[in-house]
Amino acid sequence: MENSASSSFAIPDELPILPLRDMVVFPYMVVPLFVARERSIAAIEDAMAGDRLMMVVAQRDGSVDAPEADDLYRMGTVVMVMRILRMGDGRVKVLVQGIAKAMIDAFVEREASTWVRLTPKYEDDDADWCVEAEALVRAVRGHVEELLPLKNLPPEVLSITANVHEPGRLADLVASNLKLRLEESQEILEIIDPLVRLRRVDAVLRRELEVTSVQAEIQSQAHDEMSRNQREHFLREQLRAIQDELGEADPRTEEVEDYRNKVEEAGMPEEALTESMRQLRRLERMHPEGPESQVVRSYLDWMVELPWSNASPDQLDLGNAHAILDEDHAHLTDIKDRILEFLGVRKLRGDSRGPILCFVGPPGVGKTSLGRSIARAMGREFYRFSLGGMRDEAEIRGHRRTYVGALPGRIIQGLKQVGTNNPVIMLDEIDKLGADYRGDPSSALLEVLDPAQNSKFSDHYLNVSFDLSRVLFIATANQLDPIPRPLLDRLEVIPISGYTPEEKVEIARSFLIPNQITENGLDEMDIHWSSNAVLDLVTEYTREAGVRNLERRIATICRKSARRAAEGDDSSVSVSRRSLDKLLGPPPFLGEKPSATGEIGLVNGLAWTESGGEILTIEATLTPGKGLVLTGHLGDVMKESGQAALTFARGCGTQLGFDESIFSRNQVHVHVPAGAIPKDGPSAGISMATAIISLATHTPVRPDIAMTGEVTLRGRVLPVGGVRDKALAAMRSGITTVILPSKNLDDLRNIPKELKRRVEFVPVETMDEVLEAALEMAPGRRAVRRARTSTKRTQSPPATTVKARH
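J.: Please clarify how helix α16 (residues 441-448) should be interpreted in this entry.
T.: Every α-helix carries 3.6 residues per turn, so stepping three or four residues along brings you back to the same face. Most of α16 sits out of view: six of its eight residues are buried. Among the residues making up α16, those that are buried are Pro-441, Ser-442, Ala-444, Leu-445, Glu-447 and Val-448. Here the buried face of α16 lies against α14 (394-397), α15 (410-418), β9 (424-428), β10 (457-458), β12 (472-477) and α17 (485-488).

J.: What should I look at first to understand the layout of surface pockets in this one?
T.: If a probe the size of a water molecule is rolled over the atoms, the empty space left behind becomes visible. Of the voids in this model, the largest pocket is the one considered here, and its volume is about 930 Å³. As for the largest pocket, its lining consists of 34 residues, and the residues nearest its centre are Pro-495, Ile-496, Ser-497, Arg-724 and Asn-750. Mapped by element, the contributors of at least two residues to the lining of the largest pocket are α12 (333-349), β13 (491-495) and α26 (723-732). The element contributing the most residues to the lining of the largest pocket is α12, with four residues.

J.: What should I look at first to understand the nonpolar core in this one?
T.: Across soluble globular proteins, you tend to see nonpolar side chains buried next to one another. Counting residues in hydrophobic clusters, the biggest one holds 60 residues, and the most contacted among them are Met-54, Leu-118, Val-174 and Leu-205. In terms of residue count, the dominant contributor to this core is strand β5 (residues 92-109) (seven residues). For Met-54, the residues in contact, after removing those within four places along its chain, are Leu-15, Pro-16, Ile-17, Leu-18, Ala-43, Ile-44, Ala-47, Thr-77, Val-78, Val-79 and Val-81.

J.: I'm lost on the sheet that holds β12 in this one. Help?
T.: Adjacent strands of a sheet form backbone hydrogen bonds with each other and so pair up, either parallel or antiparallel. Pairing is parallel across the open sheet formed by five strands, whose spatial order is β8-β9-β12-β7-β13. The open sheet has two edge strands, β8 (382-386) and β13, and neither has a second partner. Direction aside, the axes of adjacent strands within the sheet are offset by 25° on average. Two strands pair when backbone bridges link them, and strand β7 (residues 356-360) and β13 are joined in this way by five bridges, in the parallel orientation. Following the sheet pairing, Cys-358 is matched in β13 by Val-493.

J.: I would appreciate a short explanation of helix α11 (residues 318-328) in the present structure.
T.: Of the residues making up α11, those classed as buried are Ala-321, Ile-324 and Leu-325. Looking down the long axis of α11, one finds its buried residues gathered within 95° of arc, a one-sided arrangement. Its buried side turned inward, α11 meets α12 and α13 (367-378). Its side-chain oxygen at 3.1 Å from the backbone nitrogen of Gly-319, Asp-317 defines the N-terminal cap of α11.

J.: Would you explain the confidence of the model for the protein in this entry?
T.: The predicted coordinates ought not to be read in detail in places where the model reports low pLDDT. Overall, the prediction assigns the protein a mean pLDDT of 83, with 89% of residues at 70 or greater. The secondary-structure element of the protein with the lowest mean pLDDT is helix α29 (residues 779-793), recorded at 41, while strand β22 (residues 717-718) shows the highest, at 96. Counting interchain partners and residues more than four positions distant, the pLDDT-below-50 stretch residues 1-7 has seven contacts. In the predicted structure, residues 778-806 sits below a pLDDT of 50 and forms 45 contacts with residues beyond four places in sequence or in another chain.

J.: Where do I start with the packing of α12 against α13 in this structure?
T.: A pair of packed helices is characterised by two quantities: the angle between their axes and the separation of those axes. For the pair α12 and α13, the least separation of the axes is 12 Å and the interaxial angle reads 35°. α13 is crossed by α12, and the crossing has right-handed handedness. Here Ile-335, Ile-339, Leu-343 and Arg-346 of α12 come into contact with α13, specifically with Leu-370, Ile-374 and Met-378. Here the residues of the contact of α12 with α13 are counted per class, giving six nonpolar, no polar and one charged.

J.: Mind showing me how you'd approach the pattern of salt bridges here?
T.: In the structure shown here, the tally under the stated rule is 37 salt bridges. With a shortest N-O distance of 3.6 Å, Glu-284 and Arg-260 are connected by a salt bridge. Note that Glu-284 is positioned in helix α9 (residues 270-285) and Arg-260 in helix α8 (residues 251-265), a separation of 24 residues in sequence. Residue Glu-284 is classed as partly exposed on the basis of its relative accessible area of 30%. Overall, the relative accessible area of 11% leaves Arg-260 in the buried class. For Asp-659, the salt bridge is made with Arg-665, and the minimal N-O distance between the two is 3.4 Å. On the basis of relative accessible area, Asp-659 is assigned to the partly exposed category, the value being 46%. Several salt bridges share partner residues, and in doing so they unite Glu-184, Glu-187, Arg-200, Arg-207 and Glu-208 into one network.

Reading the values: rules and limits
- Residues numbered from 1 in each chain as written.
- Predicted model: local features only at pLDDT ≥ 70, side-chain atom pairs only at ≥ 80, totals over all residues.
- Heavy atoms only, no water.
- Buried < 20%, exposed > 50% of the residue type's maximum accessible area, 1.4 Å probe, protein only.
- Helix = DSSP H or I, 4+ residues; strand = E, 2+ residues; numbered from the N terminus.
- Contact = heavy atoms within 4.5 Å.
- 1 Å grid on protein atoms, 1.4 Å probe; cavity = no way out; pocket = protein on both sides within 12 Å on 5 of 7 lines; lining within 4 Å.
- Points joined across faces, edges and corners; volume = space filled by probe spheres on them.
- Core = buried A, V, L, I, M, F, W, Y, C linked by side-chain atoms within 4.5 Å.
- Pairing = 2+ DSSP bridges.
- Axes fitted to C-alpha atoms, helices over the stretch in contact; angles between N-to-C directions.
- Arc of directions from axis to C-beta.
- Polar contact = N/O pair within 3.5 Å; in protein donor to acceptor, adjacent residues only side chain to side chain.
- pLDDT = per-residue confidence, 0-100.
- Left-handed = near helix turned anticlockwise from the far one by under 90°.
- Nonpolar A, V, L, I, M, F, W, Y, C, P; charged D, E, K, R; others polar.
- Salt bridge = Lys/Arg side-chain N within 4 Å of Asp/Glu carboxyl O.

This is how it looks when you write it as structure tokens:
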């Protein structure tokens, strides 16, 4: 370089080096430095001992206290030490001025300081004038002038830049005053070409100008908003002071202020807070007696009373939960295990999302009380509402405020009632939802019961989103068929079957009797129950899957005892088998024992209802005429099962030894008693086939046997559902043997042990096995039967009697 710097100073090949933290020194830049490191102070002393020249280089990482060669950039600046001042704390303040750029070639370690071999990087300031250079210089000056008030730059920068005409020097001057990041400053320093460097500085200026303009606009808006709020607050305080001074306090103002305080304290999210404040401003402008003002007041009352941020802490102690479930419910072991698994996952995951449980089972088995026990075990509030007969979608989503008497939906009402945003909400009787011209509530529940959507649940009345993701929803149903498939897909179904008589006796003694004694104001010493009396209550006075009617019978006896005590009779009441007739009257369900002899065409079938299993008596007879007649209020599926049973029987004449023309000469009439009750399903197929073949062969059916299973045209027996409830019904009716499809053997795993001991289960795969087990016949005739079917049965394992095995 042949410039002023080179002519005034001869830069040596070796100079002491001073590493800088978070700073880049440009040529022509005068800057004070505070030095505390010993080797850096030694480098300054070496420079002062010579020609006052040294090299300053930025560190790559300012946190390094003893930088090595790799910790420093290779391009730096040769500076002259203009002044040095030793401070009382051991530091040295030094004033330096940048002379020229230089590239480090090598490091030279000396005893007290570090030196470097360097190569100066000169640039030609006397280069020929060009249009691009002049345009860049003017553009940079203009941008500096625009940025000056926004960036709080020193005022003298503008006058200095006006007198600098060299592109390289102008670029270094502007870059040194912009307070850029270290990496960006070092990048500009390492550009040797003056025009390229000035072009880079111009781009940085443009960016800084845009960022600073946006920042200034944001600050201005915030300041204006703050000024407006302060002005409103000041005027409002003045108005209040004037009213207080005059003794004319405005009730309307007090009401608005009360609402404003409640809104601010409600902990609403941003969307709800904005809508509430908007409605509050509307209320301020309304006439206090206007009809619309009352609508706004009602809306604000709902908004401030909802538990936007109020949640009850979860208590996920599995031991305590297990104790609570055992305390509230007897048996139901599988159900309790599933609930404890659910709580265990909730404890480990730590969030509120999870499956929506749906308890399905007959009435009175404890579905609703299970939900209440879950809430108690988790330490949450419990809210239940019934969906039975609900036909209006607004019951779920709420009414729009344009309607007179509009209210939020039942979900939001429940949250307000319990006062927390994470209760246990039980949707009772979800299988009894309806639909009409007012909408479909089951479709509205799709959003409520979807964990991916209910965090933004929108109630029509609130018109803002409410987070339902922390709510634990539990549904109950008696049967699954009426539930729409999209809604059922969101539920985890947990079936709950009925109780055995032994289980009911235990429940009565442990829960129902003590509860009714307390409810009726009695003492345990006022009434005594014998074991036989409780068993008779279960078997002869009730016939249900649950214990609801059993509790009513117990309550009736307790009320009679309470009346005696109220009339002055202090004697203790003894409830025995003999006294039940006096207290409750004749038993409505006398247990009929199976007769010793069977009847032709009479079969005990098994059916499943909402109340559990039932014995379904099937009667068949031959009358003059042709074809098949099915009566007893049967559904289409059950009628088709009867047709299949008759077709199978028609093809069995040769095999079973009866004249097949009996069906063409006579009409087969199959009747299922209790004709007022609708019946449907395929599980009575083998019962109908057995009854028809009993007619054709004139063979009685064993009275102690009940059966269930679907029949095909070829005599195969297909699996059916509800086996546990059907088996319980057979036991209640005194049946000792149950025929069921072999593929239903796995369902016997849930059968109680006492039931397995009292009922014999016979698994079958074909009608031949059903007939062999169900029909009564002489020993010789049975041997002929076995001989005729031996060939067919060698292809599959013989039917075995399963008793207390599964």
